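Per-entry structural report
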Amino acid sequence: MEEGVVDIKNKKYPKALKEIKNPPKRLYYRGNWDEDIFENCLAVVGSRRMTSYGRRIAEKMVRDIASAGITIVSGFMYGIDATSHRASLDGGGRTIAVMPCGVNIVHPEYQGELYDDILKNKGLIISEFEKDFPPDIWTYPKRNRIVAGLSKSTFVVEAALKSGSLITAGFAKKYKRRIFALPGPTSSNVSEGTNRLIKDGASIVTCAQDILDFYDIKKSDSNNLNFQKAEGLEKKILEILKREPMEIDALSRMFEIPSSKIGTILSLMTMKGLIFQEGRKYIANY
Amino acid sequence: MLIKILSALNVGLETLGVDVEVNIANRGMPTFEIVGLAGKSVDESKERVRTAITNSGIEFPSKKITVNLAPADIPKEGSFYDLPIAIGILSAVTQCIIPEKSLFFGELSLDGSLRHTRGVFLMALFAKEAGFKNVFVPKQSANEAAVFKEINVYPVERLSQIMAHLLGKQLIEPIEYQEVQGVLKRQTAEFDMAEILGQEQAKRAMEIAASGGHNIIMVGSPGSGKTMLARALPGILPLLNEKESLEVTKIYSVTGNIPAGGSIIRIRPFRTPHHSTSLVGLVGGGNKPHPGEISLAHRGVLFLDEFNEFPRSVLESLRQPLEDGNISITRSNGRVNYPAKFMLVASANPCPCGYLNHPTKACTCTLREIKRYRKRVSGPLLDRIDLHIEVPSVNTEKLSQDERVSKFLESSEIIRGRVEKAREIQQKRFEKETIHTNAEMKNSHIKKYCLFSPEVEKILAKAGSAFQLSARSYFKMIKVARTIADLADLEQIEPSHMAEALQYRSRFHGES
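Residues numbered from 1 in each chain as written. Chains lettered and ligands numbered in written order. Predicted model: local features only at pLDDT ≥ 70, side-chain atom pairs only at ≥ 80, totals over all residues. Heavy atoms only, no water.

1. Digging into the overall build of chain A
Assigned secondary structure in chain A consists of 12 helices and 12 strands. Here the C-alpha radius of gyration of chain A, 20 Å, is about what a compact globule of 286 residues would show, namely 19 Å. Overall, chain A is about 70 × 40 × 35 Å in size when its C-alpha atoms are taken along their principal axes. Of all 286 residues assigned to chain A, the portion counted as buried reaches 55%. In chain A, 69% of the contacts between residues at least 6 apart in sequence involve partners at least 24 apart. (Helix = DSSP H or I, 4+ residues; strand = E, 2+ residues; numbered from the N terminus. Rg over C-alpha atoms; globule rule 2.2 N^0.38 Å. Buried < 20%, exposed > 50% of the residue type's maximum accessible area, 1.4 Å probe, protein only. Contact = heavy atoms within 4.5 Å.)

2. Focus on the interface of chain B and chain A
With 33 residues of chain B at the interface, the matching set in chain A holds 26 residues. Together, the buried faces of chain B and chain A total about 2500 Å²; carbon and sulfur atoms form 56% of this surface. Considering only the side of chain B, the residues that lose the most area to chain A are B:R404, B:F408 and B:Q503, jointly responsible for 21% of the buried surface there. On inspection of chain B and its partner chain A, the count reaches two salt bridges. Note that B:E200 and A:R253 form a salt bridge whose closest N and O atoms lie 3.2 Å from each other. Put simply, the parts of the chain that give the side of chain B that touches chain A at least two residues each are α6 (200-212), α13 (367-375), α16 (403-407), α19 (454-466) and α21 (495-501) of chain B. When residues in the side of chain B that touches chain A are grouped by element, the largest group, four residues, is from α19(B). Of the residues assigned to the side of chain B that touches chain A, the class counts are 13 nonpolar, eight polar and 12 charged. (Buried area = accessible area lost by both parts, 1.4 Å probe. Salt bridge = Lys/Arg side-chain N within 4 Å of Asp/Glu carboxyl O. Nonpolar A, V, L, I, M, F, W, Y, C, P; charged D, E, K, R; others polar.)

3. Considering the sheet that holds strand β9 (residues 203-204) of chain A
All names here are of chain A. Here nine strands make up an open sheet; going across it, the order is β1-β2-β6-β5-β4-β3-β7-β8-β9 and the pairing mixed. Of all strands in the sheet, those with a lone pairing partner are β1 (3-7) and β9, marking the two edges. Pairing of strand β3 (residues 41-45) with strand β7 (residues 153-156) involves four bridges; the strand directions are parallel. Pairing of L42 across the sheet is with S153, part of β7. (Pairing = 2+ DSSP bridges.)

4. Quick look at the nonpolar core
Across soluble globular proteins, nonpolar side chains show a tendency to be buried alongside one another. All names here are of chain B. Of all hydrophobic cores here, the largest spans 97 residues; its most connected members are I89, F307 and L318. Considering every element that reaches this core, the biggest residue donor is helix α4 (residues 120-129), with eight residues. With 51 residues, the next largest nonpolar core counts A230, A232, F430 and V480 among its residues. (Core = buried A, V, L, I, M, F, W, Y, C linked by side-chain atoms within 4.5 Å.)

5. Description of the pattern of salt bridges
All names here are of chain B. For the structure on display, the rule yields 38 salt bridges over all chains. With its nearest N and O atoms 2.9 Å apart, the salt bridge here joins E410 to R418. Judged by its relative accessible area of 27%, R418 is partly exposed. One network of salt bridges, with partners in common, ties together R204, E207, E410, R418 and E500.

6. A look at unusual backbone geometry
In the segment running from A:H107 into A:P108, the intervening peptide bond is cis, with an omega of 0°. A cis amide bond links B:A70 to the next residue, B:P71, at an omega of 0°. Position of B:P71 among the secondary structure elements: in the loop between β4 (64-70) and α3 (82-94).

7. A short note on the confidence of the model for chain B
Summing up the model confidence of chain B, the mean pLDDT is 90 and the portion of residues at 70 or higher is 98%. We note a pTM of 0.79 for the whole complex and an ipTM of 0.78 for its interfaces. (pLDDT = per-residue confidence, 0-100.)

8. Details of the packing of α3(B) against helix α5 (residues 159-166) of chain B
Residue and element names in this part refer to chain B. As a packed pair, α3 and α5 sit with axes 11 Å apart at the nearest point and diverge in direction by 50°. The pairing of α3 with α5 is recorded here as oblique in orientation. In the packing of α3 onto α5, the handedness of the crossing is right-handed. Judged by residue contacts, L83, A86, I87, L90 and T94 of α3 engage L159, I162, M163 and L166 from α5. (Axes fitted to C-alpha atoms, helices over the stretch in contact; angles between N-to-C directions. Parallel < 35°, antiparallel > 145°, perpendicular 65-115°, else oblique. Left-handed = near helix turned anticlockwise from the far one by under 90°.)

9. What to know about the packing of aromatic side chains
Following the criterion strictly, the structure yields 19 aromatic pairs over all chains and no others. With a centroid separation of 5.2 Å and 85° between ring planes, the pair formed by A:F214 and A:Y215 is classed as edge-to-face. Ring centres of B:F126 and B:F132 lie 6.0 Å apart, and the angle between their planes is 40°; on these two criteria the pair is classed as tilted. The rings of A:Y29, A:W33 and A:F38 are connected pair by pair, giving a single aromatic cluster. Its guanidinium or amino end placed over the ring of B:F430, B:R429 lies 5.6 Å from that ring's centre, counting from NZ or CZ. Seen from the ring of B:F467, B:R505 lies directly overhead, with NZ or CZ sitting 3.5 Å from the centre. (Phe/Tyr/Trp six-rings, centres within 6.5 Å; stacked < 30°, edge-to-face > 60°. Lys NZ or Arg CZ within 6 Å of the ring centre and 35° of its normal.)

10. Some details on the sheet that holds strand β12 (residues 281-284) of chain A
In a beta sheet, neighbouring strands are held together by backbone hydrogen bonds and run either parallel or antiparallel to one another. Residues and elements named next belong to chain A. With respect to topology, three strands assemble into an open sheet ordered β10-β12-β11, the strand pairing being antiparallel. Either end of the sheet is taken by a strand with one partner, and the two such strands are β10 (246-247) and β11 (275-278). When β10 meets β12, the two strands line up antiparallel, connected through two bridges. Bridge pairing in β12 links E247 to K281.

11. A short note on the environment of B:A92
All names here are of chain B. Structurally, the position occupied by A92 is in helix α3. Take A92: its relative accessible area is 10%, and that puts it in the buried class. A sequence separation of 69 residues divides A92 from N23, and the C-alpha atoms of the two residues are 8.5 Å apart. Apart from the residues within four sequence positions on either side, A92 is in contact with M1, I3 and I24.

Written out as C-alpha cells, the structure is:
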C-alpha cells in the first residue's frame, strides 16, 4: 500500500485546497495519490446520530452521485460520514476520508473494514497530522476545513444547530463554495441545522440530479423501473410504502390479510429489490 | 434374627434395588446402627423410626439393632429408607409376613404417619421393570405410581395402618390404576393469545415455533409485549403424549417438584429462570449432581427473559444441550445424564436503553454500546435459534379501537388446534426416527423429508445472496418452511412457505 506525504509546494497538491486561507503545509496520505481524484470533489457531511431518513437519503443520493464520477469527501466519523463513504463505494465511485488524526490510526477503530475498502477501491485516506497522531477535540474542526477546502461544494445531509457539520458548512461558505442542504422535518433536531442553512441561502437538494447539475453531469433516469417488476398486490403495497414506511402488522391490518400471507409477499418483494427493511419498518426502494 | 426388606435408590434418573437388611440381636448392648454408606439424612432416620414406632403404640425393641443398606459401596442419601427400616424392625417384633416381591419406600413423621416423598414415580417404574408385584408408598405420593398397571400400589397413611395390613387385620386397598391419557388437564397459560392486541406476526411466529418445536428469539423495546407473548405460549402447546409424560414426571418426581397428592405430569413444563441464575442452576450439577432448569424444561419451554443480561458463560453452556437434547454432568463421584430437550424462547432488548427503532422514544445508545450489547450472545448460540422476530411497540389504546385488529384475534384454543394437527403430522413422519419434531431434524432428515420444487430452490438461492444467508441459516429456513407447510397440511414445501420462512431469518445480531 502506497503511503507518503505531499508538500504544499508540490505540483500534486490539490488546487482547491491551496486556495483556502490557511491550507495545511503538508498532507499525509495512504492509498493511491492520483491527481484526478481531486478533480470533482463533493463533501458530504452530517450528523453522527443520523435518523433513518438521513441514512436512506444519503445512501441513495450519494450512490448515484458517486457512480456519476464525483469523488465523495467526508470525515470517516460514524453516522452520515461512514454511510457516505460506504455508499460511494457501493456506487463504484472513489472516496476520500479526511482523518482527524494520523492516517495510520483507524478512528473510530471498529470501522476498520470501511478503512480497508476505501483503500482497495482506489480511494484515499488523508490527514494533515503525522502518521500516529491521536485524535483530539481540537483536531476535528481543523479536519473539517480540509473537507470543505478540497471540495467544489458541500452537501449537508443532517445536522443539529450546534454541530461539526455546520462548522464544515461555515468553512465552505468562507471559501465561497456552494452549499447544498437536504430539507428535513421541522420536528427533527438533526434537521434544524440543514433547514437553517436553506433559510440562509443554501441550495435545496431533493434529488441527486440537483447536485449533478452543479457539476454539469447528466445522469440517465432510472426511476420507476421497479414498478415494472411489481405485480398486483405488490404494486398496491409498494404505493403505500412510498408514502410512508410501515410495519408488517400494520400492513396486514390495512389489507386485511393475515400476516403470514403478507410476510410471504414482503419477503419476495425484498428479494426483488422493490423494498427493504429497516428495524421493523418496510421502506420502498424508489 | 435377620429380616430383608426391599427398597430402591435413585442415582440421577437411574434406579437401583436396595436391600435393607435389619438384624435384631438378643445379645449385646441395646443400640441402633445403620451401615452401608448412609448419609446424614439416612443416619437421622434412626430417630424418626424409633419415635414413630413408639408413637404408633408399639414398644421399640430394646436390643442390638443393625441395619445394612446393600449394595454397601454406593453412597445413600434421602429420607425414604424410613419405611423399609421401620417395617424390618416391626416384622421382627410382630412376626408379620412380608409379602413377596414387595418394595417399601417413604419418609416417616414422628407421629407415625407417612410424609410425601420425592422419587416415588421412579421407584414404581423400577418396580414394574424389575418384576415386583407390590409397592408400599406414602398415600400423598401414591398418585404418581398409579399409572403402572402391572403393580399393586398400596397408599399408606400411617405406620399402624400398614402393620394392620401386614398382620392381615385390615387390608389396604391398592390404588386404582389410571391411564396416562386419563389424567386430563387442559394446558393453561397466564394469558390467552386473544388478549394480546396486534402483534400478528409475532403470534404467527409463536404458532410456528410451537408446531415445530423451534427455538425462537424476540427482540423488542420494553413494554412491547415480549413477556406476555411468551407467557401465552403454554396455552397453544399440545399436552404431553404418554412417553413424554413419563419422561417429564421422572425428573419432577426425583427433584421433589410434584406436590403432595399430585399425579403424573401432562402439562408441558414452562420454566422461567431469572437472569441471575447460576450456571449450575441452569444446566444442573452440584456436589450430588441434580437437574438444572434445562432439564426441568424437558419437553417444554425454557423462557429466558432479558437474554442479553445472562452471563455469557451461562448462555454458552446451553449450546451442547441444545444440540444433543441432554446434559451429562460429571463429578468426581460419578456421572449423571439428564434429558434436556426443550424449546428455547428468548427475549431481548434491541439495545442497552431498549428504545432503538422505537416510534416515539429516542434511543440514547451509541453504536459502540449497541455492538457490545449484542456481542454478549454468541453467533453459535444464535445459530441454534430458528426463528428470529422483532416485536414492535404497540399503542394498545389505538389498537383496541381498531376493528380490523379484532378480525385477526384468535383464542389460544383455536391456535392450539392447528398446532396439535401439525404435531400429529410430524409424529407420523418421524415414526421410524428417534426425533419428534421438525426442529430436531439433522441434515440427513432434511434431505429425506423436506421435498420442494425447483421454484422453491430458486427462492432459496436468491435469498442466499440477497440476505447473505449462512449455510446453517439456509437449513434453518428449510426446517421452518417444513413446519409452515405442515401447518398448511401439505406434503411439499411451496414457494409461499419458503418466502414466509424468510421473514423469520436472523437480522438483528450481525449474522443475517
